[in-house]
Amino acid sequence: FSVVLASLLISTGIGSFISKHIKKPNTAIHIGLLGIFVSMVFGYLIIKFYGEYFIELLFFKRVLIIMGLTSFSGVFMGFMMPSGIRVISSVENSIPWCWAVNSLFSVVGSFVAVYMSVLYGFTVVLIAGGICYIIGAVFFCYKLKLRE
């Protein structure tokens, strides 16, 4: 847990830093969404085909693999929040609401992910997470088109 959380926090921070250098928030959202999709498929295939092999590796090698897979996704996840904030920053009181929604989904999402993984498996959780990112990206891109 600590390896995944630390990797995710560091890599999303890096993604956030990178995304501010992309002038159009719409472009950053599209890059982030594409990167999340690619990293999800890549991670899924790696674990599906090499998961049993990874279990036999030394602990530090497993930690490095998990850090790499988590960071690959995390960098692109880091694009989403700052790009979304740039999209809706012209709306009064929107930024506190963004943080509130982010916090709510972080807490509720972690519980729901564990519950769904027990009932349906991790593949369903992975797909549901991807759908959530797609829905968020569609709403932010729609808001951006309304603003233009």
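The structure we're discussing is the one just above.
Caption draft 1: Spotlight on the packing of helix α3 (residues 59–88) against helix α4 (residues 94–120). Taken N-terminus to C-terminus, the directions of α3 and α4 make an angle of 150°; their axes are 9 Å apart at the nearest point. By the angle class used here, α3 and α4 are roughly antiparallel. In the packing of α3 onto α4, the handedness of the crossing is right-handed. Listed contacts from α4 to Met 81, Ile 85 and Ile 88 of α3 are Ser 94, Ile 95, Cys 98, Trp 99 and Asn 102. Class assignment of the residues belonging to the contact of α3 with α4 gives a composition of six nonpolar, two polar and no charged.

Caption draft 2: The arrangement of the side chain of Ser 19 in detail. With respect to the helices, strands and loops of the structure, Ser 19 is situated in helix α1 (residues 2–19). In contact with Ser 19, not counting residues within four places along its chain, are Ala 28, Gly 78, Phe 79, Pro 82, Ser 83 and Arg 86.

Caption draft 3: Main features of the packing of aromatic side chains. All chains considered together, the criterion is met by six aromatic pairs. For the ring pair Tyr 53 and Phe 54, a centre distance of 6.1 Å and an interplane angle of 55° mean the geometry is tilted. Judged by its relative accessible area of 15%, Phe 54 is buried. Judged by centre distance (5.9 Å) and plane angle (45°), the ring pair of Phe 76 and Phe 79 falls under tilted. Linking Phe 76 with Phe 79, this pair stays in helix α3, spanning three residues, or about one helical turn.

Caption draft 4: Examining α4 more closely. Gly 109 marks where α4 bends most, by close to 25°. Once α4 ends, the next one or two residues include Gly 121, with phi positive near 105°.

Caption draft 5: Highlighting the environment of Leu 69. Inspection of the secondary structure assignment puts Leu 69 in helix α3. Exposure remark for Leu 69: the relative accessible area of 17% places this residue in the buried category. As for Leu 69 and Ala 137, which are separated by 68 residues in sequence, their C-alpha atoms are 22 Å apart. When neighbours within four sequence positions are excluded, Leu 69 is seen to be in contact with Phe 42, Gly 43, Ile 46 and Ile 47.

Reading the values: rules and limits
Residues numbered from 1 in each chain as written. Predicted model: local features only at pLDDT ≥ 70, side-chain atom pairs only at ≥ 80, totals over all residues. Heavy atoms only, no water. Axes fitted to C-alpha atoms, helices over the stretch in contact; angles between N-to-C directions. Helix = DSSP H or I, 4+ residues; strand = E, 2+ residues; numbered from the N terminus. Parallel < 35°, antiparallel > 145°, perpendicular 65-115°, else oblique. Left-handed = near helix turned anticlockwise from the far one by under 90°. Contact = heavy atoms within 4.5 Å. Nonpolar A, V, L, I, M, F, W, Y, C, P; charged D, E, K, R; others polar. Phe/Tyr/Trp six-rings, centres within 6.5 Å; stacked < 30°, edge-to-face > 60°. Buried < 20%, exposed > 50% of the residue type's maximum accessible area, 1.4 Å probe, protein only. Bend = angle between axes of the 7 residues up to and from the residue.

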